[in-house]
Amino acid sequence: KAKNCGSQKVFHSHVMVATNGSCCSSSSSNAFGSSTVPSGSGTFENMHHLHRGDDAECNGSPAKRCRLRRRTESVRKHRPPFPWFGMDIGGTLVKLVYFEPVDITAEEEQEEVENLKSIRRYLTSNVAYGKTGVRDVHLELRNLTMCGRTGNLHFIRFPTQAMPRFIQMGRDKNFSSLHTTLCATGGGAYKFENDFRMMADLELLKLDELDCLIRGLLFVDRVGFNGHPECYYFQNPSDTQSCVKKPCTLDNPFPMLLVNIGSGVSILAVYSENNYKRVTGTSLGGGTFLGLCCLLTGCETFEEALEMASKGDSTNVDKLVKDIYGGDYERFGLQGSAVASSFGHMMSKEKRDSISKEDLARATLVTITNNIGSIARMCAVNEKIERVVFVGNFLRINTVSTKLLAYAMDYWSKGQLRALFLEHEGYFGAVGALMELLKTTEDP
Amino acid sequence: MKQLCHHLAFPWFGMDIGGTLVKLVYFEPKDITAEEEQEEVENLKSIRRYLTSNTAYGKTGIRDVHLELQDLTLCGRKGNLHFIRFPTHDLPAFLQMGRDKHFSSLHTTLCATGGGAYKFESDFRMMADLELHKLDELDCLIRGVLYLDSVMSSGPSECYYFENPADPDHCVQKPCTLENPYPLLLVNIGSGVSILAVYSEDNYKRVTGTSLGGGTFLGLCCLLTGCSTFEEALEMASQGESTRVDKLVRDIYGGDYERFGLPGWAVASSFGNMMSKEKRESVSKEDLARATLVTITNNIGSITRMCALNENIETVLFVGNFLRVNTLSMKLLAYAMDYWSKGQLKALFLRHEGYFGAVGALLELLHPS
C-alpha cells in the first residue's frame, strides 16, 4: 500500500532495531529538541520517539499508547508526522503549501497535540493571515491522496518581507516541538536558515528551487486540478476577438522549455524529470515590472500595477517601427506596429506631459513581458524545443502578459512554438518541497 | 570605379535618419583648383562654408570635430570627412534650410538611409523639392563599418577593445583592426537594437533585435530623474550606485547561488528593491540613472551572448550612438561578454559609433552597388 513512501528496507531495519531497545539512530538530537540530522526525512526522529515510547509504554496512558501506535503505523507507512508543509522562500514572495488531512479518525484527533490542532484550525479557517498573508482558496486541491492520507492541499503566500513575523509565529506556536522537518526551497531557504534556527529553533531541509519546481509541476499536472486540467494554452493568440483559453495536459512533456518568471527569470531545458539544465536567465522579471511601476506611477502593490496597466496604452510611450519608418520595415519583416524602442517617446518632454500613469504601467508590463518572450524564443530555437511552459507569480492574475506571451511565441516563430501555462503558477517550488518531505508520488 | 564617380556633382553627403538622431557625413574637398572654385555656384560654396566653419548648427546640430577624417581620398578627390548629428525631431528645420539654400538646384542625389528615409521621403519632396535615394540601414551599416576600419588614416585606430574591463584601475583601451573579421556579430545600439551575423561583405543576416535600446535608457531616465538629455542622464549615471536599486542574488540567497554558478553580486531582479517604499525613499536620482543604464546594457549583453552562442561567433562588434561618450556601458559590455562566456567572446568597439549608416549611404552615392 505504502510502497511509494521511501526506502522500505532501510526503514524496516531501523524499526526492528528500535523495538529491541537499542538505538542506532545516527541522529544527535537531544531530548525533544531539534534534530541535527542533515538529511532529515523525519524517519530518524520517529525512531527516536519510538525508542522513548517503548520505555514509557509500561506506564503510559491509553492516549500515549495510542500515540505510539499511530507513530508506529506512520513509520511503517513511511510517513513523516504532521503537519506537512512545503515552503518556497523567493525574492519577493514566500509560497507555502499545506496538506490538511481530512481522514483524521476520532482517535487521532483525540491525541493530536494542541499546537498541531491550532495550526490546522488557523490555516484552514482563515483566508487571510496578518496583514499580508493570503490563502488562494480557488487553487485548493481537494481530496488529494498523498502518502496514504487523504486531504486538501492549501496554497498560501505572503511577502518575503514578512518572514520575521512568520518565524515569530512559528516560535509562538511552538512549531519546533512538533519535530517535523521543514522542507524549504528558494533563495530564502539559505538566507533565512539561521533565522529559523535562532528565532524558532527550526531546522530547514534546504532544497534547490529548480529541482523542486520541476518535481512540483509534474506532480500537479499528473493529479489534475480537482478533475480539471492544470495546463492550458491560448487558441488563436494573434486574434483578440477569437483568442480563447483551452485546456491541455503535459502528456509526453519532454523536452520542454520551462520559463520561471518570479522576481527574476530562469529558463530551463527539461529533458526528463531528473534531467534538465538551466539554459539562462534574465534579471528583467516580475520584480522589475513592480519596481519600475512603483517608481513611475506611485502604485504600491502588484495588483494596483496590473489594474493601471489594464487601462493604459503603451503605444503612447513606446516608439514603434512606424514612428521611425512611417510604416513597416519590410526588408526584415518588422510590422509598423512592432515596438522599435520601448519608452522611446519618453525622451520628448511634450510626450511625457501627454501620457498617463496607466500608459506608463502598460508600457512597463509590455516591455518586460516582450523581453522575456524574446529571450524565451531564442532559447527555444537554440535548444530546438517547441513547447514553452511559463510559470511563476508574475503571471498571477496577469492575463495581459499571458496573452502577450502566447501571441509573441506564436507570431515570431510563425506558429512553430507553443506557449503553455499552468493554473498554480508560482506554487510549484513549494509543492516540490512538500514532495521531498513525503518522498512520494501520488497513490494509485 | 573611380572613373565613374568623377562626374558626380558636389556636395557629397550621406544621411542616416534614425529614430532619435539624424547622422550626416559630409565630404569637404580640399583639392579644389582655382578653376573649379571660380565656377562653383554660390549656394554650393555657402553650404561648404557653413558646414566647415561651424561646429554647432542652430540649437541642436553638432559637428563631432574629434571624429573628422582628414586627407581622405574618395573617388579620386582629396578632402576631409565631417561627422554631423542633430535630433530627428529637428528635421523640419533642416528641410527648411535645404529649401532656403536652394539645395534642389544643385541636382545632386541625396542618399539617405534609416527609417526616416522612408518616413520623411514626401517631406523632402514637398518642402525642399529633393528626391531621396533610399537605402537599407543595415546594408549601409555594414558597408560603412568595413570601409572606415580599412581606411588608412594618420589618426587613432578605428577599432578598439578593453583590457581588464573588470578592474577600474587597470582597465585600458587597446587598438585593434578587423582583419579577417568574419564571421562577426554586429550589434547596433540605437533607439532600438539590431543584431546581425556578418559572414562576408555581401552576406549577412539580421539575427534578431530588441526594443530595449538607447531610446529606452533615455526615456526611462527622463521619467525617473527629470533629466532632459542623453548627456545629463549619463552624468547622473556615472555618480549613482545601482546595487541600491537592483535586487542581487545575495539579497535573495544570502550569498552565491552556487548550484548554477550565479555569484552573489549578480543582479537577480533589476529594480527589484524598488517595490519597497523604504528603499524607494532611500535611493537617489543618480542611483536610478545608474540602474537604468546597467539594466539596459546588461540585457543587451545577455541577448548578444545568446546570439553569439547560437550563431557560433566569437567576435562581437558594438556600434550605435547609445555608446557615444558612454564608457560605462562599453566597459560593462566588455566585462559581461568576457565573464559570462568565460573568456570565449571578445567585445570590440569603433570610434565612429553611430555614423556608419551615413558613411555607407555616402559610399552608395560614390560607388553604387
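Residues numbered from 1 in each chain as written. Chains lettered and ligands numbered in written order. Predicted model: local features only at pLDDT ≥ 70, side-chain atom pairs only at ≥ 80, totals over all residues. Heavy atoms only, no water.

**Student:** Looking at this structure, how should I read the overall build of chain A?
**Tutor:** Looking only at helices and strands, chain A has 16 helices and 17 strands in total. When burial is assessed residue by residue, chain A has 57% of its 444 residues classed as buried. In chain A, the share of contacts with a sequence separation of at least 24, taken over all contacts with a separation of at least 6, comes to 67%. Carbon together with sulfur atoms contributes 49% to the accessible area of chain A, which is approximately 18,800 Å² in total. (Helix = DSSP H or I, 4+ residues; strand = E, 2+ residues; numbered from the N terminus. Buried < 20%, exposed > 50% of the residue type's maximum accessible area, 1.4 Å probe, protein only. Contact = heavy atoms within 4.5 Å. Areas by Shrake-Rupley, 256 points an atom, 1.4 Å probe, with all protein chains shown as cover.)

**Student:** Help me understand the nonpolar core, please; the structure alone is not making it clear to me.
**Tutor:** Proteins that are soluble and globular tend to have nonpolar side chains buried together. In this structure, Phe390 of chain A together with Phe318 and Phe349 of chain B are the most contacted members of the largest nonpolar core, which totals 82 residues. Looking at this core element by element, the count peaks at 9 residues for helix α14 (residues 357–383) of chain A. Counting residues in hydrophobic clusters, the runner-up holds 78 residues, among them Met87, Phe155 and Leu207 of chain A together with Ala266 of chain B. (Core = buried A, V, L, I, M, F, W, Y, C linked by side-chain atoms within 4.5 Å.)

**Student:** Help me understand the domain arrangement of chain A in this model?
**Tutor:** Put simply, an interface is often sized by how much accessible area is lost when its parts join up. Residue and element names in this part refer to chain A. In terms of domains, chain A is made up of domain 1 (76–222 + 429–440), domain 2 (231–317 + 356–422) and domain 3 (319–354). Measuring from the centre of the C-alpha atoms in domain 1 to the corresponding centre in domain 2 gives 28 Å. When domain 1 packs against domain 2, the two sides together hide about 1,400 Å² of surface, and 64% of this comes from carbon and sulfur. Remark: the boundary between domain 1 and domain 2 carries 0 salt bridges. At the boundary of domain 1 with domain 2, the tally comes to 4 residue pairs in polar contact (both at pLDDT 80 or more). The element that contributes the greatest number of residues to the side of domain 1 that touches domain 2 is helix α9 (residues 209–223), accounting for 9 residues. Grouping the constituent residues of the side of domain 1 that touches domain 2 by class yields 6 nonpolar, 2 polar and 7 charged. (Domains from an automatic or database assignment. Buried area = accessible area lost by both parts, 1.4 Å probe. Salt bridge = Lys/Arg side-chain N within 4 Å of Asp/Glu carboxyl O. Polar contact = N/O pair within 3.5 Å; in protein donor to acceptor, adjacent residues only side chain to side chain. Nonpolar A, V, L, I, M, F, W, Y, C, P; charged D, E, K, R; others polar.)

**Student:** Which parts of the structure should I look at to understand the domain arrangement of chain B?
**Tutor:** Residue and element names in this part refer to chain B. Each assigned domain of chain B is listed with its residue range as follows: domain 1 (12–140 + 356–366), domain 2 (159–240 + 285–350) and domain 3 (246–282). Taking only C-alpha atoms, the centre of domain 1 and the centre of domain 2 are 28 Å apart. Listed by partner, the interface residues are 10 residues for domain 1 and 11 residues for domain 2. Taken together, the two surfaces of domain 1 and domain 2 that pack against each other cover about 760 Å², and 56% of this comes from carbon and sulfur. For the domain 1 face of the interface with domain 2, the top three residues by lost area are Arg85, Leu138 and Phe356, together amounting to 61%. Where domain 1 touches domain 2, the interface holds 0 salt bridges. For the side of domain 1 that touches domain 2, the elements supplying multiple residues, two or more each, are β2 (21–29) and α7 (137–150). By residue class, the composition of the side of domain 1 that touches domain 2 is 3 nonpolar, 2 polar and 5 charged.

**Student:** Please explain the packing of aromatic side chains as it appears in this structure.
**Tutor:** For any two aromatic rings, the description comes down to two numbers: the centre-to-centre distance and the angle of the planes. Enumeration over the complete set of coordinates arrives at 41 aromatic pairs over all chains. For the pair phenylalanine 85 of chain A and phenylalanine 175 of chain A, a centre-to-centre distance of 5.8 Å together with 45 degrees between the ring planes defines the contact as tilted. Placement of phenylalanine 85 of chain A in strand β1 (residues 84–89) and of phenylalanine 175 of chain A in the loop between α6 (163–172) and β7 (182–185) is noted, with a sequence separation of 90 residues between them. We classify phenylalanine 85 of chain A as buried; its relative accessible area is 7%. Members of the aromatic cluster, joined through ring pairs, are Tyr190 and Tyr276 of chain A together with Tyr253, Tyr257 and Phe260 of chain B. We note arginine 418 of chain A situated over the ring of tyrosine 233 of chain A; from NZ or CZ to the ring centre the distance is 3.8 Å. (Phe/Tyr/Trp six-rings, centres within 6.5 Å; stacked < 30°, edge-to-face > 60°. Lys NZ or Arg CZ within 6 Å of the ring centre and 35° of its normal.)

**Student:** Can you help me understand a nonpolar patch on the surface in this one?
**Tutor:** Residues and elements named next belong to chain B. There is a patch of nonpolar side chains on the surface, built from Trp265, Tyr339 and Trp340 and spanning about 290 Å² of accessible area. Within the secondary structure, tryptophan 340 sits in helix α13 (residues 327–340). Look at tryptophan 340 and you get partly exposed, because its relative accessible area is 33%. (Patch = residues over 30% accessible without salt bridge, like charges linked within 9 Å, V, L, I, M, F, W, Y side chains within 5 Å.)

**Student:** How should the sheet that holds strand β13 (residues 275–282) of chain A be read in this particular structure?
**Tutor:** Hydrogen bonds along the backbone pair up the strands of a sheet, which may run parallel or antiparallel. Residue and element names in this part refer to chain A. Pairing in this open sheet of 7 strands is mixed, and the strands run β10-β9-β17-β16-β11-β12-β13 from one edge to the other. The open sheet has two edge strands with one neighbour each: β10 (244–248) and β13. If you compare each strand with its neighbour and ignore which way they point, the axes differ by 30 degrees on average. In this structure, strand β9 (residues 231–235) lies alongside β10, joined through 5 bridges in antiparallel fashion. Bridge pairing in β10 links tyrosine 232 to proline 247. Contacting β9, β11 (256–261), β16 (387–391) and β17 (418–422), helix α15 (residues 399–412) crosses the sheet at an angle of about 155 degrees to β17. (Pairing = 2+ DSSP bridges. Axes fitted to C-alpha atoms, helices over the stretch in contact; angles between N-to-C directions.)

**Student:** Help me understand the sheet that holds strand β12 (residues 193–200) of chain B in this model?
**Tutor:** All names here are of chain B. Read across the open sheet, the 7 strands follow the order β10-β9-β17-β16-β11-β12-β13; overall the sheet is mixed. At either end of the open sheet lies a strand with only one pairing partner, and these are β10 (172–176) and β13 (203–210). Strand-to-strand, the axes of this sheet are offset by a mean angle of 30 degrees, without reference to chain direction. With 4 bridges joining them, strand β16 (residues 315–319) and strand β17 (residues 346–350) adopt parallel strand pairing. Note on β17: the bridge partner recorded for valine 316 is alanine 347. Packing of α7 onto the sheet brings it into contact with β9 (159–163), β11 (184–189), β12, β13, β16 and β17, and relative to β12 it is tilted by some 60 degrees.

**Student:** What's the story with the packing of helix α10 (residues 286–297) of chain A against helix α8 (residues 214–225) of chain B in this structure? I'm lost.
**Tutor:** Packed helices, taken two at a time, are described by the angle their axes make and the gap between the axes. Viewed as axis vectors pointing N to C, α10 of chain A and α8 of chain B meet at an angle of 50 degrees, and their least axial separation amounts to 9 Å. In terms of orientation, α10 of chain A lies oblique with respect to α8 of chain B. The interaxial crossing formed by α10 of chain A with α8 of chain B has left-handed handedness. Taken together, the residues of α8 of chain B that come into contact with α10 of chain A (itself represented by Leu292, Leu295 and Leu296 of chain A) are Leu220, Leu223 and Leu224 of chain B. Of the residues assigned to the contact of α10 of chain A with α8 of chain B, the class counts are 6 nonpolar, no polar and no charged. (Parallel < 35°, antiparallel > 145°, perpendicular 65-115°, else oblique. Left-handed = near helix turned anticlockwise from the far one by under 90°.)

**Student:** Explain the interface of chain A and chain B here, please?
**Tutor:** Contact residues are listed per partner, giving 61 residues for chain A and 62 residues for chain B. Taken together, the two surfaces of chain A and chain B that pack against each other cover about 4,700 Å², and 60% of this comes from carbon and sulfur. Taken together, chain A and chain B are joined by 5 salt bridges. We note a salt bridge from arginine 331 of chain A to aspartate 139 of chain B, for which the minimum N-O separation is 2.8 Å. Inspection of the chain A/chain B interface yields 26 residue pairs in polar contact (both at pLDDT 80 or more).

**Student:** Teacher, can you tell me more about the packing of α6 of chain A against helix α8 (residues 193–200) of chain A here?
**Tutor:** Residues and elements named next belong to chain A. Where α6 meets α8, the axes come as close as 9 Å, and the angle between the chain directions of the two elements is 35 degrees. The chirality of how α6 crosses α8 is right-handed. Along its contact with α6, which presents Met163, Pro164, Phe166, Ile167, Gln168, Gly170 and Arg171, the element α8 presents Asp195, Phe196, Met198, Met199 and Ala200. Here the residues of the contact of α6 with α8 sort into 8 nonpolar, 2 polar and 2 charged.

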